[in-house]
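Structural characterization, general
The chain contents come next:
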Amino acid sequence: EKYRTRILPLAVVYGGNASGKTNLFKALSFIKNLVVRGSHPSSAIPVEVFLLDPKSSSEPARFALEILVDEKIYAFSFVVTRKAVLEEKLVEVLAASEKVLYERTGSTIRFDKSLEKDQVLHFVFRGTRDNQLFLTNSISQKVEHFRNVYDWFENNLHLVAPDSRFGRFERFLEDGSPTLCAMRDALAHVDTGITNLEFESVRLDDLGLPKDFLADIDENLKEGDAALLMLRDPIALSRHDGELLARKLVTFHSNSQGESVKFGMENESDGSRRIIDLLPVFLDLCVENSHKVYVIDELDRSLHTLLTRHLLEGYLSSCAAGTRTQLLFTTHDVLLMDQDLLRRDEMWVTERSEKGGSSLTSFSDFKDVRYDKDIRKSYLQGRLGGIPRVYFDGLNMHSWHENECKQGV
């Protein structure tokens, strides 16, 4: 309230194939990984250059975002090449001004006057590698000044790729957990045929894992942590009371005699697996006092439009003035382009220029898009951009097959 700023709980990004939707997802994933995981001392920073501009390979990449942490707004930005962090800046945004907590330029750093006399900060910066963010190193050196910002990236920002499996599965490993119970109830209402969902114990020796690999997991998996192995069946590894446990997720269906039949996940359809992947996400978003931000690439993959809409309506119905969760997703599903479901400023479109660069525009920026307009029709007619450019009428596969390709001969 002190900022007098209203933040939308949801944003959907449309656009044609190769228009840049997934690059937005990749950029956020890159930021999170560089902050949380950091970089190896001898490794290059894994930033991708724009391949369609010869000059960009030698130019730095700039990343910037504003985040809400503990009812405070922070602006975090950095500029990197594959070799080094050239600039880095963390700003606390105040109601009528801003406080630059630190600003790094090359081999120098400037702190806010409230932090300037803290010699530990200067010492930590001197030990920060060229290819490492100061924010990341400060946390590894147990400096707590910026812990809340780092924790937001580690614990609040979650990215779900099209092939992500069982998001946040560690939340429902225990039978009787609220998340697992809620998933069982939800699956019974979405017409998957699944009547129950359980984790089944598996002997570690039966997994056929190399001893060195298993020993590495045993050494690094901490109490209460979980890891996912994508084998024939996805296997969840966790540590409980010091013991390493392996469990696989199984489903149950009723046969024609009303008996319960166990299915492995490989027996489930792509749609059912996708629902199981996404349900923990939407349940997490609806938790009271949650501050999670989820970014989902291709939300609609393998899902029927009505089911996708049902998930979104369930999330939006849980939102209120005090809600601090956010959902950003990309999609091709134009049936969701409905102003009864989404506001104009919640719908965005990516557009690729002739030179290959991408731009992102909100539907609210188009002057002729009114609240009562059939926005879907305008979009499909190309009046809002973000649709594939097709320069021929139909795919005449027969004529293509008959015409010999001369290119490269």
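Residues numbered from 1 in each chain as written. Predicted model: local features only at pLDDT ≥ 70, side-chain atom pairs only at ≥ 80, totals over all residues. Heavy atoms only, no water.

**Some words on the nonpolar core**
If you look at the biggest cluster of nonpolar residues, it comprises 43 residues, and the most contacted ones within it are Phe282, Ile296, Leu312, Leu327 and Phe329. Counting residues per element, this core draws most heavily on helix α7 (residues 270-285), which supplies seven residues. Setting aside residues no more than four positions away along its own chain, Leu312 makes contact with Leu10, Phe282, Leu299, Leu327, Phe329, Leu336 and Leu341. If you look at the next biggest cluster of nonpolar residues, it comprises 41 residues, including Val47, Phe78, Leu90 and Val124. (Core = buried A, V, L, I, M, F, W, Y, C linked by side-chain atoms within 4.5 Å. Buried < 20%, exposed > 50% of the residue type's maximum accessible area, 1.4 Å probe, protein only. Helix = DSSP H or I, 4+ residues; strand = E, 2+ residues; numbered from the N terminus. Contact = heavy atoms within 4.5 Å.)

**A look at the packing of helix α1 (residues 21-36) against helix α4 (residues 147-156)**
Contact geometry of α1 with α4 gives a least axis separation of 10 Å together with a crossing angle of 125°. The orientation of α1 with respect to α4, classified from their angle, is oblique. Here α1 and α4 pass one another in a crossing that is left-handed. Here α1 contributes Ile31, Lys32, Val35 and Val36 to the contact with α4, which in turn contributes Tyr150, Phe153 and Glu154. Split by residue class, the contact of α1 with α4 holds five nonpolar, no polar and two charged. (Axes fitted to C-alpha atoms, helices over the stretch in contact; angles between N-to-C directions. Parallel < 35°, antiparallel > 145°, perpendicular 65-115°, else oblique. Left-handed = near helix turned anticlockwise from the far one by under 90°. Nonpolar A, V, L, I, M, F, W, Y, C, P; charged D, E, K, R; others polar.)

**Some details on the sheet that holds strand β16 (residues 358-362)**
The strands that make up a sheet pair up through hydrogen bonds in the backbone, lying either parallel or antiparallel. Spatial strand order, β7-β13-β14-β1-β15-β16: six strands in an open sheet with mixed pairing. Looking at strand neighbours, the two that pair on one side only are β7 (157-160) and β16, the edges of this open sheet. This sheet shows a mean twist of 20° between the axes of neighbouring strands, independent of strand direction. Bridge analysis of strand β15 (residues 347-352) against β16 gives five bridges, and the strand direction is antiparallel. Residue pairing in the sheet places Val349 in a bridge with Thr361 of β16. Most of the contacts of α1 go to β7, to which it runs at about 135°, and overall it touches β1 (10-15), β7, β13 (293-296), β14 (326-330), β15 and β16. Set on the sheet, helix α8 (residues 305-318) makes contact with β1 and β14; between it and β14 the angle comes to about 160°. (Pairing = 2+ DSSP bridges.)

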